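Here is what each chain is made of, one letter per residue.
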Amino acid sequence: MLGHQGLARLSLASARHLLQTRGCGRPVKQCRYLCSSKSSSIASGAWAHFWKWTTQQRPSWRESSVEAAVAFVVFGITGTTSVAVVRPALKKTIGLEGSMREGPWSYRITSLVLVSPIYACFLVTFGTLAGRHTFFANMARKIFGRFVPPSLATRMGVSKPPPPV
């Protein structure tokens, strides 16, 4: 797999060759890359490579400005997306319209109850796509852990068990 520096050194001719052969050495017309039995092993290799990349150890967001920027962007996209999904869903399914400021109370409560788990799911999804699965999966566990009773949370694995007294 080519890194950022390898892509920078990749010549136009070799890039064209990679695109024309899809990396397997045969021309695209002859390549049955997507339909062959090898495609599943190649896909699993790509998945394994992506999973290794997204679960690797990274510096804390407090120590690295890049990690902080990625985290803030993921949190921003997640919040916007979860509200953009829940508002129309409330309107279409049960006919509730409103806002957090002007109400009605039924909208406020239902919105909070629905946004939080949807937010946690989107957080893991967008965090994984951003390459920070471990960090955002832990954040989602904390969010879910606040909505389920402690005894159920430990069985589900969404929060750490309380320390022994």
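Residues numbered from 1 in each chain as written. Predicted model: local features only at pLDDT ≥ 70, side-chain atom pairs only at ≥ 80, totals over all residues. Heavy atoms only, no water.

### Comments concerning the side chain of Ser 64
Argument step 1. Here Ser 64 lies in the loop between helix H3 (38-54) and helix H4 (65-94).
Argument step 2. Among the polar contacts made by the side chain of Ser 64, one reaches the main-chain amide nitrogen of Glu 67 at a distance of 3.3 Å. (Helix = DSSP H or I, 4+ residues; strand = E, 2+ residues; numbered from the N terminus. Polar contact = N/O pair within 3.5 Å; in protein donor to acceptor, adjacent residues only side chain to side chain.)

### Description of helix H5 (residues 105-129)
Argument step 1. Helix length check: H5, at 25 residues, gives a terminal C-alpha distance of 35 Å against a target of 36 Å (1.5 Å per residue), a fit within 8%.
Argument step 2. At Val 115, H5 shows its largest bend, some 25°, and a proline, Pro 117, comes one to four positions later.
Argument step 3. Buried within H5 are the following residues: Tyr 107, Arg 108, Ser 111, Val 115, Ser 116, Tyr 119, Ala 120, Leu 123, Gly 127 and Thr 128.
Argument step 4. Positioned one or two residues after H5, Gly 131 has a phi angle of 85°, which is positive. (Expected span 1.5 Å × (residues − 1). Bend = angle between axes of the 7 residues up to and from the residue. Buried < 20%, exposed > 50% of the residue type's maximum accessible area, 1.4 Å probe, protein only.)

### Concerning the pattern of salt bridges
Close approach of charged atoms allows side chains with opposite charge to pair.
Argument step 1. Evaluation of the coordinates by the stated rule reveals two salt bridges.
Argument step 2. The partner of Arg 132 in a salt bridge is Glu 67, with the nearest N and O atoms 2.8 Å apart. Remark: Glu 67 occurs in helix H4 and Arg 132 occurs in the loop between H5 and helix H6 (133-145); sequence separation between them is 65 residues. Each member of the pair, Arg 132 as well as Glu 67, is classed as buried. (Salt bridge = Lys/Arg side-chain N within 4 Å of Asp/Glu carboxyl O.)

### Some remarks on the confidence of the model for the protein
Argument step 1. Averaged over all residues, the pLDDT of the protein equals 74, while 68% of them reach at least 70.
Argument step 2. Of all the helices and strands in the protein, helix H1 (residues 4-9) carries the lowest mean pLDDT, 43, while H4 carries the highest, 90.
Argument step 3. Here residues 1-19 scores under 50 on pLDDT; set against residues more than four positions off or in separate chains, the count is eight contacts.
Argument step 4. Low confidence marks residues 161-165, where pLDDT is under 50. Its contacts with residues over four positions away, or in another chain, come to two contacts. (pLDDT = per-residue confidence, 0-100. Contact = heavy atoms within 4.5 Å.)

### A short note on a nonpolar patch on the surface
Argument step 1. Taken together, the side chains of Trp 61, Phe 72 and Phe 135 make up a nonpolar region of the molecular surface, amounting to roughly 310 Å² of accessible area.
Argument step 2. With respect to the helices and strands, Trp 61 occurs in the loop between H3 and H4. (Patch = residues over 30% accessible without salt bridge, like charges linked within 9 Å, V, L, I, M, F, W, Y side chains within 5 Å. Areas by Shrake-Rupley, 256 points an atom, 1.4 Å probe, with all protein chains shown as cover.)

### Structural notes on the packing of aromatic side chains
Argument step 1. As enumerated under the stated definition, the model contains seven aromatic pairs in all.
Argument step 2. Between Phe 50 and Trp 53, the aromatic rings sit 5.8 Å apart at their centres with planes inclined by 45°, giving tilted as the arrangement. With Phe 50 and Trp 53 both in helix H3 and three residues apart, this pair spans about one turn of that helix.
Argument step 3. Under the relative-accessibility criterion, Phe 50 is labelled partly exposed at 22%.
Argument step 4. Of the aromatic side chains, those joined through ring pairs into one cluster are Trp 47, Phe 50, Trp 51 and Trp 53. (Phe/Tyr/Trp six-rings, centres within 6.5 Å; stacked < 30°, edge-to-face > 60°.)

### Quick word on the layout of surface pockets
Argument step 1. Approximately 290 Å³ is the volume found for the largest pocket.
Argument step 2. Along its surface, the largest pocket is lined by 17 residues, and Arg 58, Pro 59, Glu 67, Thr 134 and Phe 135 are the ones closest to its centre.
Argument step 3. Where the lining of the largest pocket is concerned, the elements lending two or more residues are H4 and H6.
Argument step 4. Per-element tally for the lining of the largest pocket: the top contributor is H6, with four residues.
Argument step 5. In terms of residue class, the lining of the largest pocket is made up of six nonpolar, eight polar and three charged. (1 Å grid on protein atoms, 1.4 Å probe; cavity = no way out; pocket = protein on both sides within 12 Å on 5 of 7 lines; lining within 4 Å. Points joined across faces, edges and corners; volume = space filled by probe spheres on them. Nonpolar A, V, L, I, M, F, W, Y, C, P; charged D, E, K, R; others polar.)

### A short note on the nonpolar core
Argument step 1. Of all hydrophobic cores here, the largest spans 13 residues; its most connected members are Leu 90, Tyr 119, Leu 123, Phe 136 and Ile 143.
Argument step 2. Elements supplying a minimum of two residues to this core: H4, H5 and H6.
Argument step 3. No other element matches H5, which puts five residues into this core.
Argument step 4. Among residues more than four places away in sequence, those in contact with Ile 143 are Ser 116, Tyr 119, Ala 120 and Leu 123. (Core = buried A, V, L, I, M, F, W, Y, C linked by side-chain atoms within 4.5 Å.)

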